[in-house]
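Here is how the chains run, residue by residue.
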Amino acid sequence: MLFSSAAFIGIDPTAGRSPFTFAALDDERNLIALAEGELEDALTFIGNFPSAWVAVNAPARVNAGLERKRLEKETLTAHPLRGADLRLAERDLRERGISVSPTPSRVEACAGWVQMGFTLYKRLEKMGFKPFPTEAANCVWLETHPHACFCALLGQVPLPKPTLEGRLQRQVVLYEAGLRIKDPMDFFEEITRRRLRLGMMPMELIYPPDQLDALAAAHTAWMAAKRPDETMRLGAQEEGFITLPTRELKGKY
């Protein structure tokens, strides 16, 4: 199916049975797709749009040793330094209390989902996608981080995402940010004493964690395209930037 308008797409690579979860918003932030599939499924979907901004929840590059060099300069030692094998953006987020996984300096040392992300970026570039920010490009990719997005949107570290409370919290903040998705408050309207006794919870009204992460990435893509002055980037050109849907981050979360 071919579309005539632009899409703002979030992709979440995972190590699960369906390795890619993707969400797409239109100009008005209506949800036009929320699906899972293989790499080819995601790329075929993206190819249906004349213009697309794609935000990926995975590192765009391995670390270039910039953090190690910084620490060596500060400590005046060339000996192995603990905690130095990560990117500058990841160190910045960690210092703020936002937990992120470090990206190794070698592709083969990266987790499977990270390597799938590298493959996705390469395929997007072959399709003509350019990295954000770029002038007059119809097809743009950017890296983001879902946990950091939710910290920025909430102003605090969210509750664990596998829990019902954590999922509700994430869906609330995305809904309040302007995404036209399921209203999470409908979940409570559907709960009755009888349904509670029978364990019949209306879980279909709450998105699972990987879909929430994909939606956060789609929101970031929309913000980068529509309100770039309300986004920020962390990192360095040599090892990639993480884009977040906020003007600034707090010093500590």
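Definitions and limits used
The numbers attached to residues start from 1 for each chain and follow its sequence in the written order. Confidence filtering applies because this is a predicted model: local features only for residues at pLDDT of at least 70, side-chain atom pairs given and counted only at 80 or more, and all residues used for totals across whole chains, interfaces and linings. Side-chain numbers come from the whole structure's heavy atoms, not from hydrogens or water. A pair of Phe, Tyr and Trp rings is counted when the ring centres sit within 6.5 Å of each other, with Trp represented by its six-membered ring. The angle between the planes then sorts it: under 30 degrees is stacked, over 60 is edge-to-face, the rest tilted. Placement of a positive charge over a ring is assigned whenever Lys NZ or Arg CZ falls within 6 Å of the ring centre and within 35 degrees of the normal to the ring plane. For this document, the term salt bridge refers to a Lys or Arg side-chain nitrogen within 4 Å of an Asp or Glu carboxyl oxygen. Per the convention used, a helix needs a DSSP run of H or I reaching at least four residues, while a strand needs a run of E reaching at least two, with both numbered from the N terminus. Classification of residues uses two cut-offs on accessible area relative to the type maximum, computed with a 1.4 Å probe and protein chains only: under 20% is buried, over 50% is exposed, and between them is partly exposed. Axes here mean lines fitted to C-alpha atoms, for a helix over just the part in contact, with angles spanning 0 to 180 degrees between N-to-C directions. The crossing is said to be left-handed when, going from far helix to near helix, the turn is anticlockwise and less than a right angle, and right-handed when the turn is clockwise. Only heavy atoms enter the contact rule, under which two residues are in contact if any of them lie within 4.5 Å. Picture the helix axis, draw a direction to every C-beta atom, and the arc is the one those directions span.

Enquirer: What is the right way to look at the packing of aromatic side chains in this model?
Expert: How two aromatic rings sit relative to each other is given by the distance of their centres and the angle of their planes. Scanning the entire structure with this criterion turns up 5 aromatic pairs. Plain terms: the ring middles of F187 and F188 are 5.4 Å apart, the flat faces sit at 90 degrees to each other, and that makes the pair edge-to-face. An aromatic cluster is present here, built from F22, F45 and F49 joined pairwise through their rings. Across the ring face of W222, the terminal group of R29 is positioned such that the distance to the ring centre comes to 3.8 Å. The ring of F241 carries the charged tip of R233 above its face, separated from the ring centre by 4.0 Å.

Enquirer: Can you walk me through the pattern of salt bridges in this structure?
Expert: Side chains carrying opposite charge are able to pair once their charged atoms draw close together. Counted according to the given criterion, the structure contains 12 salt bridges. The closest approach of N and O atoms between R195 and E190, which form a salt bridge, is 3.6 Å. Across the pair R247 and E230 runs a salt bridge, and its minimum N-O distance is 3.9 Å. Here R247 is found in the segment after β8 (240-244), whereas its partner E230 is found in the loop between α9 (209-226) and β7 (232-236), with 17 residues between them in sequence. Classification of R247 by relative accessible area gives exposed; the value is 59%. Overlapping salt bridges, with partners in common, bring together E67, R70, R91 and E95 in one network.

Enquirer: It is not clear to me how unusual backbone geometry should be interpreted in this structure. Could you clarify?
Expert: Backbone geometry follows two general trends: most residues other than glycine have a negative phi, and most peptide bonds adopt the trans configuration. Omega for the bond connecting F132 with P133 falls within 30 degrees of zero, at -5 degrees, which places this linkage in the cis form. Checked against the element boundaries, P133 lands in the loop between β5 (130-131) and β6 (139-143). In this structure, R29 is a non-glycine residue whose phi angle is positive, near 65 degrees. Here R29 lies in the loop between β2 (20-25) and β3 (31-37). According to the relative accessible area criterion, R29 is buried, its value standing at 10%.

Enquirer: Hey, could you run me through the packing of helix α1 (residues 39-46) against helix α4 (residues 112-126) in this one?
Expert: Two quantities define a packed helix pair, namely the angle between the helix axes and the distance between the axes. Between α1 and α4, the least distance of the axes is 11 Å, while the angle of their chain directions is 35 degrees. Here α1 runs over α4; the crossing is right-handed. For the pair formed by α1 and α4, the contact residues are L39, E40, L43 and I46 on the first element and T119, L120, R123 and L124 on the second.

Enquirer: What am I meant to see in α1 here?
Expert: Because the α-helix completes a turn every 3.6 residues, residues three or four places apart line up on one side. For α1, the complete set of buried residues consists of L39, A42, L43, F45 and I46. Angularly, the buried residues of α1 cover 160 degrees about the axis, an arc narrow enough to put them on a single face. Contacts made by the buried residues of α1 are with β1 (7-13), β2, β3, β4 (52-56) and α4.

Enquirer: I tried to follow helix α5 (residues 146-154) on my own but got confused; where do I start?
Expert: α5 sits mainly inside the fold: 7 of its 9 residues count as buried. At its buried positions, α5 is contacted by α3 (88-95), α6 (164-176), α9 and β8. Following α5 by one or two positions, G155 has its phi on the positive side, about 80 degrees.

In short, the description is geometric, and any link to function would need to be established separately.
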